[in-house]
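A structural walkthrough
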Amino acid sequence: MQTPPEQIGPFRLRSKVSESPLYIEYVALDTQRNREVLLRLPGAEMARTPARMTQFIAAGRRAARLQHRNIVPVLDAGEADGYYYIASDLVVGERLTERLATSALPLPPNDVELIVDAVASALDYAHRLDVGHEGVTTDNILLTSDGQVMLSDFGLAEGLGLTEITPDDAAPAFGSYFLAPEQLRPDVASGFPADIYGLGVVTYAMLTRNLPFEARTQHELTQKIINDIPRAPESINPNIPAGGAYVLRNVLAKEPDVRYGSALEFHDALVAGLAWKSAKGKSAAGAAAMPRRRRTLVGAFAAAVALMLLAGGSYFVIQSNDDRDGGLLVAQGDLADSGSGAGYGVDAEATIATAVMPEENAGAVAMATATDAPTATDEPTPTPTDEPTATDEPTAT
């Protein structure tokens, strides 16, 4: 693609921020608004595909409808001087990827909860306006200099786009690690549950400084995401409570219907799960960590068993997937058994900092078996409440 001119429409280019086959980002001066903005232009690969160019502009215009405190505002999307563009607010801060890369330990649970709360609120708001993100990663979660958490890149699906153009035998595209199984299967439609899965991978990374799957090639990673079980997060970070690990296994389920019904439901379950210290404990957080539809099914199953027993009939037991033969996956690479500081056990050679930064194009830790999910029968079941609503959020314009 040819080098763009110094000015495109009202935007005077100042410095290049980043470049990929799909997008090029510049800091630019918006001469109409007299402010600096982030200007995204199509990259060489996108410019060769008219359909992608159309999707690019459509995504920018959909994102411009979103007005939320945790979403980077899109100011304009259109065409000028023969160039398509998306102009967004210029956010000062760091990407979550950079925060994890410079952190010696996984993020503290309180920080994880705050970040998930902000991203979940943004996703829930967008989903209610029928706008999906399609590519939540640590790269598009921005931590601002004044302590805000903001989500960018709605609808651009950069991870999926890069995955599609990456050869099977090449190193995986970074965004691929965050894609849901259904996004990688041509026979299955994807929707909002894929965003919740992506947020689950982000949460896994924050609590472990690892990503769920390790792979040397794009094909290997795709097959693992579709078919394999993520490594138990508590085997990487033993400080993760049993309830928190259980929530991560649910949100990373292969089937979209098994995950949490909304991003806010996932957040609430995570908060409850991280407070659930033991799988055998009696905290009410145990049942709250279970996806709402699963709580309903467990209750219905228990009622059915009771009726059969009263009627003198036989009963049966559901076998966990984790108990099936052949369900174990062997971890590749050693993990430290003893950590420092807060007691985290983390292998520095298998962290997001050293293994899965975009420029290094490598995987994180391989998968092993997931431990048995804590049973809901050990926990008193609270009365389900209605889904949280963001009543204080401004409406889209």
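The sections below set out a description of the structure shown in this document. Since this is a predicted model, take the numbers as computed values, not measurements.

Further remarks concern the overall build of the protein. When helices and strands are tallied, the protein shows 13 helices and 9 strands. When contacts within the protein are restricted to residue pairs at least 6 apart in sequence, those whose partners lie at least 24 apart make up 68%. As displayed, the protein has an accessible area near 18,100 Å², and 53% of this comes from carbon and sulfur atoms.

With 73 residues, the main nonpolar core has Leu96, Ile115, Ile141, Phe154 and Met206 as its most contacted residues. Once you skip the residues sitting within four places of it in the chain, Phe154 turns out to touch Ala59, Ala63, Leu66, Ile71, Ala122, Leu123, Ala126, Val131, Gly132 and His133. Counting residues in each nonpolar core, the second largest holds 13 residues, with Tyr26, Ala80, Tyr85 and Ala87 among its members.

Turning next to the pattern of salt bridges. Summed over the entire model, instances satisfying the criterion amount to 15 salt bridges. Where Arg249 meets Glu234, a salt bridge forms, and the shortest distance between an N and an O atom there is 3.4 Å. Of the two residues, Arg249 sits in helix H9 (residues 242-251) while Glu234 sits in helix H8 (residues 233-236), which places them 15 residues apart along the sequence. For the pair Arg249 and Glu234, a shared accessibility class is recorded, and that class is buried. Because the salt bridges share partners, they merge into one network encompassing Glu25, Arg40, Arg95 and Asp153.

The next subject is the packing of aromatic side chains. For the structure shown, the criterion picks out 5 aromatic pairs. A centroid spacing of 5.4 Å and a plane angle of 65° characterise the contact between Phe174 and Phe178, whose relative ring orientation is edge-to-face. A relative accessible area of 9% means that Phe174 is categorised as buried.

Turning to its location among the elements, Arg231 is positioned in the loop between helix H7 (218-227) and H8. Within the structure, Arg231 has its side chain in polar contact with the side chain of Ser235 (distance 3.1 Å).

On to the sheet that holds strand E9 (residues 149-151). Pairing in this open sheet of 3 strands is antiparallel, and the strands run E7-E8-E9 from one edge to the other. The sheet is open, and its two edges are formed by strand E7 (93-95) and E9, each paired on a single side. Each adjacent strand pair in this sheet contributes to an overall mean axis angle of 30°, direction not counted. Where helix H4 (residues 109-128) meets the sheet, it contacts strand E8 (141-144) and E9, and its direction lies at approximately 35° from that of E9.

It is worth spelling out the pairing of strand E2 (residues 11-19) at this point. Alignment of strand E1 (residues 7-8) against E2, held across 2 bridges, turns out to be antiparallel. Paired with Gln7 across the bridge in E2 is Arg12. Between E1 and E2, which pair antiparallel one after the other, the connecting turn spans 2 residues, and Gly9 there sits at a positive phi close to 55°. Two strands pair when backbone bridges link them, and E2 and strand E3 (residues 23-30) are joined in this way by 7 bridges, in the antiparallel orientation. Residue pairing for E3: Ser15 is matched across the bridge by Val27.

Moving on: the packing of H4 against helix H6 (residues 192-208). Closest axis-to-axis distance for the H4/H6 pair is 11 Å, and the angle between their directions is 170°. Judged by the angle between their axes, H4 and H6 are roughly antiparallel. Seen from H4, the contacting residues are Val112, Ile115, Val116, Val119, Ala120, Leu123 and His127; seen from H6, they are Phe192, Asp195, Leu199, Thr203, Met206 and Leu207. Grouping the constituent residues of the contact of H4 with H6 by class yields 10 nonpolar, 2 polar and 1 charged.

Moving on, we come to the pairing of strand E4 (residues 35-42). On any regular strand, side chains alternate: one points to one face of the sheet, the next to the other face. Summarising burial for E4: 6 of the 8 residues are buried, a large majority. Of the strand pairs in this sheet, E3 and E4 are connected by 8 bridges, and their pairing is antiparallel. By the bridge assignment for E4, Ala28 is matched with Val37. Linking two consecutive strands that pair antiparallel, namely E3 and E4, is a turn of 4 residues; a positive phi of about 55° is found at Asn34 within it. Alignment of E4 against strand E6 (residues 83-89), held across 4 bridges, turns out to be antiparallel.

Here we come to the side chain of Ser88. Relative to the assigned elements, Ser88 resides in strand E6. The class for Ser88 is buried, based on a relative accessible area of 8%.

Once that is clear, we can look at unusual backbone geometry. Phi is positive for Asp130, close to 65°, though the residue is something other than glycine. Following the sequence through the fold, Asp130 ends up in the loop between H4 and E8. Residue Asp130 is classed as exposed on the basis of its relative accessible area of 60%. Of note, Asp153 is a non-glycine position whose phi angle comes to about 70°, a positive value. Relative to the assigned elements, Asp153 resides in the loop between E9 and helix H5 (158-165). Given a relative accessible area of 19%, Asp153 falls into the buried group.

Reading the values: rules and limits
Residues numbered from 1 in each chain as written. Predicted model: local features only at pLDDT ≥ 70, side-chain atom pairs only at ≥ 80, totals over all residues. Heavy atoms only, no water. Helix = DSSP H or I, 4+ residues; strand = E, 2+ residues; numbered from the N terminus. Contact = heavy atoms within 4.5 Å. Areas by Shrake-Rupley, 256 points an atom, 1.4 Å probe, with all protein chains shown as cover. Core = buried A, V, L, I, M, F, W, Y, C linked by side-chain atoms within 4.5 Å. Buried < 20%, exposed > 50% of the residue type's maximum accessible area, 1.4 Å probe, protein only. Salt bridge = Lys/Arg side-chain N within 4 Å of Asp/Glu carboxyl O. Phe/Tyr/Trp six-rings, centres within 6.5 Å; stacked < 30°, edge-to-face > 60°. Polar contact = N/O pair within 3.5 Å; in protein donor to acceptor, adjacent residues only side chain to side chain. Pairing = 2+ DSSP bridges. Axes fitted to C-alpha atoms, helices over the stretch in contact; angles between N-to-C directions. Parallel < 35°, antiparallel > 145°, perpendicular 65-115°, else oblique. Nonpolar A, V, L, I, M, F, W, Y, C, P; charged D, E, K, R; others polar.

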